[in-house]
Amino acid sequence: MKNNKPKGKSVSYAKWGYIFIIPFFLVYFVFTFYPQILTIYNSFFENYRDGLTQIGPKFVGLDNYKALLTPSDQGTIDIVKYFGNTIIMWIMGAVPQFVFALLLAVFFTNTRLNIKGQRIMKTVIYMPNLIMASAFSMLFYTLFSNVGPIKPLLVHMGILDKTFDFFFVTISVRGLVALLNFLMWFGNTTILLMAGIQSIDESLFESARIDGASSTRVFFNITMPLLKPIFVYTFITSMIGGLQMFDVPSVLTNAKGTPDRTVMTVIMYLNNYLGGSNNYGMAGAISVILFIVTAILSVIVFKTIDRDKD
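Worth saying up front: this structure is predicted, and the values here are computed from it rather than measured.

Analysis parameters
Residues numbered from 1 in each chain as written. Predicted model: local features only at pLDDT ≥ 70, side-chain atom pairs only at ≥ 80, totals over all residues. Heavy atoms only, no water. Helix = DSSP H or I, 4+ residues; strand = E, 2+ residues; numbered from the N terminus. Rg over C-alpha atoms; globule rule 2.2 N^0.38 Å. Buried < 20%, exposed > 50% of the residue type's maximum accessible area, 1.4 Å probe, protein only. Areas by Shrake-Rupley, 256 points an atom, 1.4 Å probe, with all protein chains shown as cover. Lys, Arg positive; Asp, Glu negative; His and termini not counted. Charge placed at Lys NZ, Arg CZ, Asp CG, Glu CD. Contact = heavy atoms within 4.5 Å. Phe/Tyr/Trp six-rings, centres within 6.5 Å; stacked < 30°, edge-to-face > 60°. Axes fitted to C-alpha atoms, helices over the stretch in contact; angles between N-to-C directions. Parallel < 35°, antiparallel > 145°, perpendicular 65-115°, else oblique. Nonpolar A, V, L, I, M, F, W, Y, C, P; charged D, E, K, R; others polar. Pairing = 2+ DSSP bridges. Expected span 1.5 Å × (residues − 1). Salt bridge = Lys/Arg side-chain N within 4 Å of Asp/Glu carboxyl O. Bend = angle between axes of the 7 residues up to and from the residue.

K.L.:
Teacher, can you tell me more about the overall build of the protein chain here?
P.N.:
Scanning the protein chain from N- to C-terminus turns up 12 helices and 2 strands. For the protein chain, the succession of helices and strands along the chain, N to C, is α-β-β-α-α-α-α-α-α-α-α-α-α-α. Radius of gyration (C-alpha) of the protein chain: 26 Å, far over the 19 Å computed for a compact globule of 310 residues. Considered along the principal axes of its C-alpha atoms, the protein chain spans approximately 90 × 65 × 40 Å. For the protein chain, with 310 residues in total, the buried portion stands at 35%. Summing over all exposed atoms, the protein chain offers an accessible surface of approximately 19,500 Å²; the carbon and sulfur share of this is 66%. When the 24 basic and 16 acidic side-chain charges of the protein chain are each reduced to a single mean position, those positions are 13 Å apart.

K.L.:
Looking at this structure, how should I read the environment of Ile236?
P.N.:
Along the chain, Ile236 falls in helix H9 (residues 215-243). A residue is classified by how much of its surface remains accessible, and Ile236, at 15% relative accessible area, is buried. If we ignore the near neighbours within four places in the chain, the residues touching Ile236 are Ser298, Val301 and Phe302.

K.L.:
Just checking my understanding: could you explain the environment of Ile286 for this structure?
P.N.:
By the secondary structure assignment, Ile286 is in helix H12 (residues 280-305). A C-alpha to C-alpha distance of 9.9 Å links Ile286 and Ile40, two positions 246 residues apart in sequence. With near-sequence residues (within four places) excluded, Ile286 lies in contact with Leu68, Ile79, Val266, Tyr269, Leu270 and Tyr273.

K.L.:
Would you explain the side chain of Gln97 in this entry?
P.N.:
As for its position among the elements, Gln97 is in helix H3 (residues 78-109). For Gln97, the residues in contact, after removing those within four places along its chain, are Asn181, Phe182, Trp185, Phe186, Thr189 and Ser238.

K.L.:
Is there a simple way to think about the packing of aromatic side chains in this case?
P.N.:
Pairs of aromatic rings are described using the distance from one ring centre to the other and the angle between the two planes. Counted by the stated rule, this structure contains 25 aromatic pairs. Geometrically, the ring pair formed by Tyr28 and Phe29 is edge-to-face, given 5.7 Å between the ring centres and 75 degrees between the ring planes. Among the aromatic residues, ring-to-ring pairing joins Phe24, Phe25, Tyr28, Phe29 and Phe33 into one connected group.

K.L.:
Explain the packing of helix H4 (residues 118-126) against helix H7 (residues 170-198) to me, please; I cannot follow it from the model alone.
P.N.:
Helices that pack against each other are described as a pair by the angle of their axes relative to one another and the distance between those axes. The interhelical angle for the contact between H4 and H7, taken along N-to-C directions, is 140 degrees, at an axis separation of 7 Å. As summarised for this structure, H4 and H7 are arranged oblique, according to the angle between their axes. In contact with Gln118, Lys122, Ile125 and Tyr126 of H4, H7 contributes Phe186, Gly187, Asn188, Thr190, Ile191, Met194 and Gln198. Per-class residue counts for the contact of H4 with H7 are 5 nonpolar, 5 polar and 1 charged.

K.L.:
Where do I start with the pairing of strand S1 (residues 45-50) in this structure?
P.N.:
A regular strand carries its side chains on alternate faces of the sheet. Here S1 runs beside strand S2 (residues 53-59); their pairing, made up of 5 bridges, is antiparallel. What sits directly across from Tyr48, in S2, is Ile55. Where S1 folds back onto S2 in an antiparallel hairpin, the turn is made up of 2 residues, including Gly51, whose phi is positive at roughly 70 degrees.

K.L.:
How do you make sense of H12 when you look at a structure like this?
P.N.:
The periodicity of an α-helix, 3.6 residues per turn, causes residues three or four positions apart to be oriented the same way. For H12, which comprises 26 residues, the first-to-last C-alpha distance of 37 Å matches the rise-based estimate of 38 Å (1.5 Å per residue) to within 8%. Regarding H12, the residues found buried are Gly281, Met282, Ala283, Gly284, Ala285, Ile286, Val288, Ile289, Leu290, Thr294, Ser298 and Val301.

K.L.:
Can you walk me through the pattern of salt bridges in this structure?
P.N.:
Pairing of side chains with opposite charge becomes possible as their charged atoms draw close. Enumeration according to the criterion identifies 3 salt bridges in this entry. The partner of Arg261 in a salt bridge is Asp78, and the shortest N-O contact between them spans 3.4 Å. Placement of the pair is Arg261 in the loop between helix H10 (247-252) and helix H11 (266-274) and Asp78 in helix H3, with a sequence separation of 183 residues. The exposure class of Arg261 is partly exposed, given its relative accessible area of 28%. In this structure, Glu202 and Arg209 form a salt bridge, with 3.5 Å as the shortest nitrogen-oxygen distance. Taken together, the shared-partner salt bridges connect Glu202, Glu206 and Arg209 into one network.

K.L.:
Looking at this structure, how should I read unusual backbone geometry?
P.N.:
Peptide bonds are trans in most cases, and residues, glycine excluded, mostly fall at negative phi. With an omega of 5 degrees, the peptide bond running from Gly56 to Pro57 counts as cis. In this structure, Pro259 follows Thr258 across a cis peptide bond, with omega equal to 0 degrees. Along the chain, Pro259 turns up in the loop between H10 and H11. With a phi close to 65 degrees, Ala255 is a non-glycine residue in the positive phi region.

K.L.:
So what exactly am I meant to see when it comes to H7 here?
P.N.:
With 29 residues, H7 ought to run about 42 Å at 1.5 Å a step, and its terminal C-alpha atoms sit 41 Å apart, in line with that. Maximum bend of H7: about 40 degrees, positioned at Trp185.

K.L.:
Just to check I follow, could you spell out the environment of Tyr82 for this structure?
P.N.:
Looking at where Tyr82 falls in the secondary structure, it is placed in helix H3. With sequence-adjacent residues up to four places away left out, Tyr82 is seen in contact with Arg261, Met264, Thr265, Val266 and Tyr269.

This is the structure in structure tokens:
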């Protein structure tokens, strides 16, 4: 017997998903994708201001890239030197940051310890991330300047000489930059790693403990392998942020990268072309090179850390 009841009109909700993501793509294309394409386009032009005179835009092909990769009178390629400075300072801050963040993440998520007040601790370690980098840098500049409290205290203790200046010794300036980056970002890294550890099935840890596995073995054989996706994500995003380092070294060295440009970063170098002369061609070329180097290093890090083990 046939069912003669009228069929109800089915409602498709699939279209709403596309409607909801339209604003994201609009914002992305207008404020990210289009500026990226424009930056690449400008990198092939001579386009800058000399006083009140506007030079260009004039198509010069790869001349901007050749100028950036041509050795200076001292025999050094400036952009290569600044990439080296940036990577060194990032590594100096990233290594202790990830070691400390991993230790804290494991400590806070250990169910056997049953630590109280975790929410307050998370808030405290994350707070430095909420402070503006420029404000944090000014605070440290004041503390470690010749009239600040740190130097007289160390001189009084006989650790430093009176002639020592924190901001005119390469290792001390780089150390301060690394210390600031560590203090600002270790809390964010800790919380991300904690989220990754908490997503691991607790029964795996319980089984390992029942079998008599030590805490060290549990960490290296269970925690780290299963935490790898989150760890790779945090490491690559940290590296990308490190390559774009600007605020901290700029404030500590008055945007000069002293001493002898050993603290000059790639973004500080790029900013020199945008300040005053508005050299969009050279700034665009630096941005493209930075993008390529970042992409290559990200792939290398991803392939190195995330490779499968037998």
